[in-house]
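# Structural characterization, general
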Amino acid sequence: MNIAIFGATSAIAHACARRWATTGARFALVVRDTARGDTLAADLTARGAADARVVRADFAADGSAVALVAALERDFGALDRVLVAQGVMPSQASLAADPDALATMVTINMTSVLAVALAAANAMRARGHGEIVVLGSVAGDRGRPSNYLYGSTKAALATACDGLAYDLAGTGVHVMLVKPGMVHSPMTAGLPDSPLFAEPDAIAVAIDRGLARHRRVAYAPAFWRVVMAVIRHAPRFVVRKL
Amino acid sequence: MARRTPWGRLPGQTVDVSTPWSFADLAWPRAGGTTLAFGRGRSYGDCALGADGIGIETRRLDRLVAFDRTAGTVECEAGLTLASLLDVIVPAGWTLPVMPGTLEVSVGGALANDVHGKNHERAGTFGRHVLAFELLRSDGSCTWCVPGMPLFELTVGGLGLTGIVTRARLALAPLPSPYVDADTQAFHGVDEFVALSDAAHATHEFSVGWFDAYSWRDGRLRGVLQRANYAAPDVARVAPRSAARRLPLGLASPALTPWAIRRFNDLYHWSQTRPGTQHVDFRRYLFPLDALADWNRLYGARGFFQLQCALPMEALAGLDVLLARIAAAREGSFLAVLKRFGTLRSPSPMSFPLPGVTLALDFRNRGVSTARLLADAAAIVAEHGGRIYAAKDATMPGALFRAAYPAWTALEAARDPRLQSRFWQRVTG
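Each chain carries its own residue numbering, running from 1 in the direction its sequence is written. Labels are handed out in written order, letters beginning with A for the chains and numbers beginning with 1 for the ligands. At least 70 in pLDDT is required for a residue's local features to be given in this predicted model, at least 80 for side-chain atom pairs to be given and counted, and no such filter applies to totals for whole chains, interfaces and linings, which use all residues. Only heavy atoms go into the side-chain values, all of them from the structure, while hydrogens and water stay out.

### Quick notes on the nonpolar core
Rules: Buried Ala, Val, Leu, Ile, Met, Phe, Trp, Tyr and Cys residues that are joined via side-chain atoms within 4.5 Å together make up what is termed a nonpolar core. Only protein chains enter the accessibility calculation, which uses a 1.4 Å probe. A residue is then buried if its area is under 20% of the maximum for its type, exposed if over 50%, and partly exposed in between. Residue contacts follow a heavy-atom distance rule, with two residues in contact if any of their heavy atoms lie within 4.5 Å.
One finds B:F133 and B:W424 to be the most contacted residues of the largest nonpolar core, which totals 116 residues. Contact partners of B:W424, with chain neighbours within four places excluded, come to B:L159, B:L161, B:M350, B:F401, B:W408, B:L411, B:E412, B:R415 and B:G429. By size, the runner-up hydrophobic cluster in this structure holds 34 residues, among which are A:A15, A:A21, A:L44 and A:L135.

### Some remarks on the confidence of the model for chain B
A low pLDDT means the predicted coordinates there should not be read in detail. Residues and elements named next belong to chain B. Operational definition: pLDDT expresses, on a scale from 0 to 100, how confident the predictor is about each individual residue.
Looking at chain B, the pLDDT average stands at 90 and 89% of residues meet or exceed 70. In this model residues 238-255 is a low-confidence stretch, pLDDT under 50, and it forms 39 contacts with partners more than four residues away in sequence or in other chains. In the predicted complex, the global pTM is 0.92; the interface-specific ipTM is 0.91.

### Thoughts on the environment of A:A67
Residues and elements named next belong to chain A. Put simply, the rule reads: Only DSSP runs of H or I covering at least 4 residues are called helices, and only runs of E covering at least 2 are called strands; the numbering of each starts at the N terminus.
Along the chain, the position of A67 falls in helix α3 (residues 65-75). A relative accessible area of 51% means that A67 is categorised as exposed. Through-space distance from the C-alpha of A67 to that of N109 is 19 Å; in sequence the pair is 42 residues apart.

### Some thoughts on the packing of α3(A) against helix α5 (residues 102-127) of chain A
Residues and elements named next belong to chain A. Stated precisely, the cut-off is as follows: All axes are obtained by fitting lines to C-alpha atoms, using only the stretch in contact for helices, and the reported angles, taken between N-to-C directions, cover 0 to 180 degrees. Each angle is binned into one of four classes, with values under 35 degrees roughly parallel, values over 145 roughly antiparallel, values of 65 to 115 roughly perpendicular, and all other values oblique. Throughout, a crossing is termed right-handed when the near helix is turned clockwise from the far one, and left-handed when it is turned anticlockwise from it by less than a right angle.
Across the interface, α3 lies against α5 with an axial gap of 8 Å and an inter-helix angle of 40°. In this view, α3 runs oblique relative to α5, as classed from their interaxial angle. Along this stretch, α3 crosses α5, giving a crossing that reads as right-handed. Within the contact between the two elements, α3 uses A65, V66, V69 and E73 and α5 uses A115, V116, A119, A120, A123 and R127.

Put into structure tokens, the structure is as follows:
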């Protein structure tokens, strides 16, 4: 199986890749930091990956997704699975203080993610099979004071994946949006600890389950589906405190 | 920051840890402060407990660097557990030459405690199979250490004090089959245990004795020697006849009363002395307690101690003195283990095993009476020229430690000034 992972050094992406490596899959790891990518590639190769190559990309720079996917299809092989995991989470306070910084986050979290997903969908549609996994977040389910700007980029992914799934219905291409809750990762290392935090591997397990069941949306871990159903319908005076 | 307690869960033993994602993120304390890296927190007492109440948990530093499937070597980050490592190497036909009683320890922890396994007579300690490691020190130096270098020898068995091991290169052993053929033999005293163990050494890779400490009376006890060999390759794919029994721990829970312990031992004695050979997955066979997560909680809120000591061959009479004292105390041991140690030398001058016999057993923390019992046990060990295992210890007197491990002065000299454990302060202070 040929798997391309965008933002492969993210903790969730790494956990997924480790699980998939044991089946002898081939990996193209698209990363910004190639030194960390090489470390990851070595880990996957030792764990049984048939191939693990590192491809450099800057997700903050516009307009490279189509060329990137085309190059992968040509040099690496027809993509069977694409995991789109790049993302940044600047603090709400820093974004509020410098609204111009929004553009970078939106480019990385939304524009580059959707561009990759669409480019992969086009390539896969022609072949009639493929899986596209997009990392969203429960933060996209409702605007909360603590992280509504980050959340809005994830909400955009949810809307787009919802539409893309209609678009791909009947083509044999499966698109799935994953909505992790709080996950231990370098990105969340500064947040206060909470029992709601999950290990990256728990998200990888949920992703595998979602793929096996052809889910369009997978909350990870699954209890977040219930939590977010409550939060989505909670009155404003409750959400104000979250 | 998260809070951790060592495996024995004794009161007052906690440490606030950072759990870095990369070695670049390691949080060294400011000048004057100390920390200590540890893996899975499976040391029982205070030997992996940072002296200043802070520590570095290495469990996320668990990447493989290289796995040579032909030569049988692996290089990995020190936070990788032996269980995860086996998940990778077993399907390729390799195993670890030395595995301790649980696989839920990190490579770094196995190295720092120079752990031993049920094949000590044949394979020696973990440190004998370490090809190299990279040692990071608080002065910023990063050194690859190989056998023969003083820093290599002091870091193996060095209790994490010489620096932080980032990556290690290990030699693997071919795995003929993921199954073992196992049998048992009853024994009724220490002498008989030694005789059976020494006979097993010629024929079996693994051997370990279990016994009921409550059954001890004037040198007589009820025990079973478990022996096993990896199965022949041609039966490797045959399904095991029966799944490995799980230890009937439910009997002992929630309270480890003497009655419950006796029932447990009765059952275990009976089940293990049934004749015939078992064909069992080697991991289920060698690591029965790994099937039961958090079994240490069975001992209740005040935690427990494990005494593991080793006595040299010429002083084995001391074991009966020790067992008499334990039997008199009526403080039950949940697991009572005897293991013969062989003569293969460790590269480490701080290594625990010595040619002789090791005894391990647990004591629920009952406060003063348990403390008195452990103090008496330490005195008996000292009197017979034995030693106590740091990885299990929470109470041994400093004088006993310094006498039994004379190389401690060299380790203290090589200690990184920013690394210190409560154990080390206690036994060297």
